[in-house]
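Spelled out, the chains give:
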Amino acid sequence: MGFFDLATNLVFPPRCANCGELISMDICKKQIDPLCPTCRMHYENEKQIECNVCGLAMSFCRCMPKNMSRAQCTALLKLVSYRPQGDDMKIRDFIYSVKDDNNKVAFDFFAEQFRELLILEMRGASLLPKDCVITFLPRSHKNKANSGFDQGYELAKALSRKTGIELVRCFDRKFSAVEQKNLNTYERRLNMKSAYKTRDVEDKIKDKTVILVDDIVTTGASMASGSRLLFSMGAFAVIGICIGVTEKKR
Ligand SMILES: [Zn+2]
Ligand SMILES: [Zn+2]
């Protein structure tokens, strides 16, 4: 920890990004964990929860919704299983914070987690950073105007900075698209088909493995729609990456 960081931390002691508890500092460590030990434990436990399809821990699970496999996605990497309701998920507020607050600490935290997942995936496929590009699914104009930021963009930007993989903005939102959250699976698919338009970046996408970033994946309709467009632009492969997938009803 540099002198400036140390001095800043003494004046503004760091607090846990999830529960707000003061975090005790270890000046020998290069970086302070944004989570207190209790929240870190909850988070690590969440990561170990097994996928109810393949039985692997979420961070090893590569399962994806059917519409994503139909769209020829290679894999969906995810950190945790996301449960909008239920008080058993102590780390939920932290995940929510990327949706509702322009929380730099959270973006950086999840981007670092993405980087760890992605490096393993790239190693397995013998991919180098130059073989890949990062892109994201932009949120609706209304949504962005309300919150003042786009979490997909923020996550993608932080991941690009950490991995050295180029960030290419491939999509724009059309103004007409309806909010996804009030629609069922079929309606979402129809809605998403027309939600994005591609930008003139084919030369940057051609023959690349595209890392498609989103925050929470529910039905996979947006990711599937984005993948199809990326393939139509000449992408070689598409790997989805998200913080959480909404748990399937058992
Ligand atoms: Zn905490
Ligand atoms: Zn799985």
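Residue numbers restart at each chain and count upward from 1, following the sequence in its written direction. Each chain takes a letter, starting from A, and each ligand takes a number, starting from 1, following the order in which they are written. Side-chain atom pairs in this predicted model are given and counted only at pLDDT of 80 or more, local residue features only at pLDDT of at least 70, and totals for whole chains, interfaces and linings cover all residues.

1. Some details on the packing of helix 5 (residues 104-124) against helix 7 (residues 151-163)
Test applied: Structural elements are reduced to axes, namely lines fitted to C-alpha atoms, with helices fitted over the stretch in contact, and the angle between N-to-C directions of any two is expressed from 0 to 180 degrees. Helix and strand assignments follow DSSP, with helices taken as H or I runs no shorter than four residues and strands as E runs no shorter than two, numbered in order from the N terminus. Note on angle classes: values under 35 degrees are labelled roughly parallel, values over 145 roughly antiparallel, values of 65 to 115 roughly perpendicular, and the remainder oblique. Should the near helix be turned anticlockwise from the far one by less than a right angle, the crossing is termed left-handed; should it be turned clockwise, right-handed. Note on contacts: residues are paired as contacts if their backbone-placed C-beta atoms lie within 7 Å.
In the contact formed by helix 5 and helix 7, the axes pass within 8 Å of each other and the chain directions differ by 55°. When the interaxial angle is binned, helix 5 and helix 7 end up oblique. In terms of crossing hand, the pair formed by helix 5 and helix 7 is right-handed. Contacts between helix 5 and helix 7 involve Phe-107, Asp-108, Phe-110, Ala-111, Glu-112, Phe-114, Arg-115 and Leu-118 from the first element and Glu-154, Leu-155, Ala-158, Leu-159, Lys-162 and Thr-163 from the second.

2. Describing unusual backbone geometry
Look at Gln-72: it is not a glycine, yet its phi comes out positive at around 70°. Relative to the helices and strands, Gln-72 resides in the loop between helix 3 (66-70) and strand 1 (75-82).

3. Let's talk about the sheet that holds strand 3 (residues 166-167)
Put simply, the rule reads: Paired strands, as defined in this entry, are two strands with at least two bridges between them according to DSSP.
If you trace the five strands from one edge of the open sheet to the other, you get 1-7-6-2-3, paired in parallel fashion. The open sheet has two free edges, formed respectively by strand 1 and strand 3, since each of these has just one partner strand. Together, strand 6 (209-217) and strand 7 (237-246) form the strand contacts of helix 10 (residues 221-232), whose direction differs from that of strand 6 by roughly 165°.

4. Topic: the environment of Met-68
Within the fold, Met-68 resides in helix 3. When the C-alpha positions of Met-68 and Arg-228 are compared, they lie 9.2 Å apart, and in sequence the two are 160 residues distant. Excluding its chain neighbours within four sequence positions, the residues that come into contact with Met-68 are Cys-73, Leu-76, Gly-220, Met-223, Ala-224, Ser-227 and Gly-240.

5. Brief notes about the environment of Ser-24
Mapped onto the elements, Ser-24 comes out in the loop between helix 1 (3-11) and helix 2 (37-48). Placed 11 residues apart in sequence, Ser-24 and Pro-13 show a C-alpha to C-alpha distance of 8.3 Å.

6. Things to note about the nonpolar core
What counts, and what does not: By convention the nonpolar core is taken to be a set of buried residues drawn from Ala, Val, Leu, Ile, Met, Phe, Trp, Tyr and Cys and joined through C-beta atoms within 7 Å. Here exposure depends only on C-beta density: within 10 Å of a residue's C-beta, 20 or more other C-beta atoms make it buried, 12 or fewer make it exposed, and intermediate numbers make it partly exposed, the C-beta atoms being placed from the backbone.
Counting residues in hydrophobic clusters, the biggest one holds 62 residues, and the most contacted among them are Phe-110, Leu-155, Ile-211, Leu-212 and Val-213. Excluding residues that lie within four positions of it along the chain, Leu-212 makes contacts with Thr-135, Leu-137, Met-223, Gly-226, Ser-227, Leu-230, Val-238, Ile-239 and Gly-240.

7. A word on helix 5
Just so we agree on the cut-off: To estimate how far a helix should extend, the number of its residues minus one is multiplied by 1.5 Å.
Taking 1.5 Å per residue as the helical rise, helix 5 with its 21 residues ought to reach 30 Å, and the 30 Å between its terminal C-alpha atoms agrees with that figure. When helix 5 is considered as a whole, its buried residues turn out to be Ala-106, Phe-107, Phe-109, Phe-110, Ala-111, Phe-114 and Leu-118. Among the structural elements, strand 1, helix 4 (92-100), helix 7, strand 6 and strand 7 are those in contact with the buried residues of helix 5. Count one or two residues on from helix 5 and you reach Ser-126, which has phi positive near 50°.

8. Topic: the environment of Met-233
Relative to the assigned elements, Met-233 resides in the loop between helix 10 and strand 7. By the C-beta count within 10 Å, which is 20 here, Met-233 ends up buried. Here the alpha-carbon distance between Met-233 and Asp-203, two residues 30 residues apart in the chain, equals 8.5 Å. Not counting the four nearest positions on each side in its chain, Met-233 is found in contact with Cys-170, Thr-198, Glu-202 and Ile-205.

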